[in-house]
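# Results of the structural survey
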Amino acid sequence: MKTLSNFNFENKKALIRVDFNVPLNEELEVTDATRIIAAKPTIIHILEQGGSCILMSHLGRPKKPGNKFSLKHIVQTISDILGVQVKFSADCCDETAQEMASNLQPGEILLLENLRYHKEEMAGDKDFAEKLAALGDIYVNDAFGTAHRAHASTAIIAQFFPDNKCFGLLLAKEIESVNKVLRDGESPITAILGGAKVSSKITIIENILDKIDNLIIGGGMIFTFIKAQGGKIGNSLVEDDKLKLALQILAEAKKKNVQVLIPTDVIIADGFAEDASTQICPTDQIPDEWAGLDIGPETQAAVKQMVLASKTILWNGPLGVFEMEPFAGGTIALGEAVVQATKEGCFSLVGGGDSVAAVKMFGFADKVSYVSTGGGAMLEMLEGKTLPGVAAILN
Ligand code: AMP
């Protein structure tokens, strides 16, 4: 796997695909700079070696060029974070961009305008990729968030750098973290899958069953499994067309000796609201009109025990409706257990949409081994797919 350490960037122009698709408010100010901060180590590494950086990214999904999606709004935030005043080219590959790139000196940074102002970017157009490629000497992909897309700047461009391409530090770390769980994970390996629906996690379950020892099922998914086994789930979330599949998953897990923990008790509510009445109830005896919105105390204890006995943990999806305080307890208890296990030497990876939001919300993010930055890309890696942006560097 080629990374920054395979190259000397002195007097070289690094053309870096970053993911600066950051949220902006009404005043077009950056409201969360996490993605910029995540790319900082790669950029600083190159500058410190005496190279220069040409940064390219998309922002949003613009239909045509316009003020709202311009990357010029984030120039100052990037400059403040990196401690270097960043130059800006108002197009990503016109003559001005070429001139600015060609005049760039060691230690300098140039940010190119939103790649998606050219429809060729998302179309994966080869000529457009070649124009971008002409701007730099070494191609660095550090955009994990878009590595699952075969766009011009994320995948197609790599062919113009047959020997001079590598992963940035962020992307390399993401790949290593997944490998640390699914390829080289130390047993017992426990996967915790929560979130709303079984349907969005099926491919992950199918891919990981061969590699894990324990599977904890949480979130809205629980009830499809319980109903499939003949339990009463009241008004809980269920996917009736996935009942057979739920039983198949359980049979497959048994065949593969994977211990599956399905919650035995849940917090039920008489409405999907913070002020609904609540009760603790066995998962398979939920009264009509009531819905299970979090795991119960008995299950919390079982989850904790399983997590603390693990050497490797993969956590994807919250165990309950963590956005509402009365139903956040299960996700918090799990987070605490994962933090403790990590302290005791376990490798813990948190990846995929809402579990990342949950660990940030409850302050666990810097106490687990790794929190993934790319939602869709991480899910595809867990599903066992090779990401186009990763394959383009490996080939
Ligand atoms: P996902 O994007 O699939 O990870 O789903 C995350 C969402 O699942 C969060 O917004 C949670 O509120 C929701 N969720 C978790 N547990 C439940 C549950 N028991 N019933 C309904 N929604 C749930």
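Below or above, wherever it landed, is the structure these notes cover. (Residues numbered from 1 in each chain as written. Predicted model: local features only at pLDDT ≥ 70, side-chain atom pairs only at ≥ 80, totals over all residues. Heavy atoms only, no water.)

Helices and strands together make up the secondary structure of the chain, namely 14 helices and 17 strands. Its C-alpha atoms give the chain a radius of gyration of 23 Å, near enough to 21 Å, the size a compact globule of 395 residues would have. When its C-alpha atoms are laid out on the principal axes, the chain stretches across 70 × 45 × 35 Å. For the chain, buried positions account for 55% of its 395 residues. Long-range contacts, defined here as pairs at least 24 residues apart, represent 73% of the contacts in the chain between residues at least 6 apart. Summed over its atoms, the accessible surface of the chain is roughly 17,000 Å², and 48% of this surface lies on carbon and sulfur atoms. (Helix = DSSP H or I, 4+ residues; strand = E, 2+ residues; numbered from the N terminus. Rg over C-alpha atoms; globule rule 2.2 N^0.38 Å. Buried < 20%, exposed > 50% of the residue type's maximum accessible area, 1.4 Å probe, protein only. Contact = heavy atoms within 4.5 Å. Areas by Shrake-Rupley, 256 points an atom, 1.4 Å probe, with all protein chains shown as cover.)

Turning our eyes to something else, we now look at the sheet that holds strand 10 (residues 259-261). Taking strand neighbours across the sheet as the criterion, the 6 strands line up as 10-8-7-15-16-17 in an open arrangement whose pairing is parallel. On the outer flanks of this sheet lie strand 10 and strand 17 (370-371), each paired with one strand and no other. Contacting strand 7 (189-193), strand 8 (214-217), strand 10 and strand 15 (312-316), helix 10 (residues 297-308) crosses the sheet at an angle of about 145° to strand 10. (Pairing = 2+ DSSP bridges. Axes fitted to C-alpha atoms, helices over the stretch in contact; angles between N-to-C directions.)

By the element assignment, Ile280 lies in strand 12 (residues 278-282). Relative accessible area serves as the criterion here: at 52%, Ile280 is assigned to the exposed category. Measuring from C-alpha to C-alpha, the distance between Ile280 and Phe9 comes to 60 Å, with 271 residues separating the pair along the chain. In this structure Ile280 touches Asp265, Val266, Ile267 and Pro297, once residues within four positions along its chain are discounted.

Strand order in this open sheet of 6 strands is 3-4-2-1-5-6, and the pairing throughout is parallel. Each edge of the open sheet carries a strand with a single partner, namely strand 3 (87-89) and strand 6 (165-167). Each neighbouring strand pair of the sheet contributes to a mean axis angle of 25°, computed without reference to strand direction. In this sheet, strand 4 (residues 109-112) lies alongside strand 2 (residues 52-56) in parallel orientation, the contact comprising 3 bridges.

Bringing the side chain of Asp142 into the picture now. Within the secondary structure, Asp142 sits in the loop between strand 5 (138-141) and strand 6. Buried charge without a partner: Asp142 forms no salt bridge, and the closest opposite charge is Arg17, 11 Å away. A polar contact is formed between the side chain of Asp142 and the backbone nitrogen of Leu171, at a distance of 2.9 Å. Among residues more than four places away in sequence, those in contact with Asp142 are Ile16, Arg17, Ala39, Thr42, Gly168, Leu169, Leu170 and Leu171. (Lys, Arg positive; Asp, Glu negative; His and termini not counted. Salt bridge = Lys/Arg side-chain N within 4 Å of Asp/Glu carboxyl O. Polar contact = N/O pair within 3.5 Å; in protein donor to acceptor, adjacent residues only side chain to side chain.)

The next point concerns the environment of Val181. Following the sequence through the fold, Val181 ends up in helix 6 (residues 169-182). Residue classification places Val181 among the buried positions, given a relative accessible area of 2%. Separated by 27 residues in the primary sequence, Val181 and Ile208 have C-alpha atoms spaced 9.7 Å apart. Residue contacts for Val181: discarding those within four places in its chain leaves Ile189, Thr312, Ile313, Leu314, Phe347 and Leu349.

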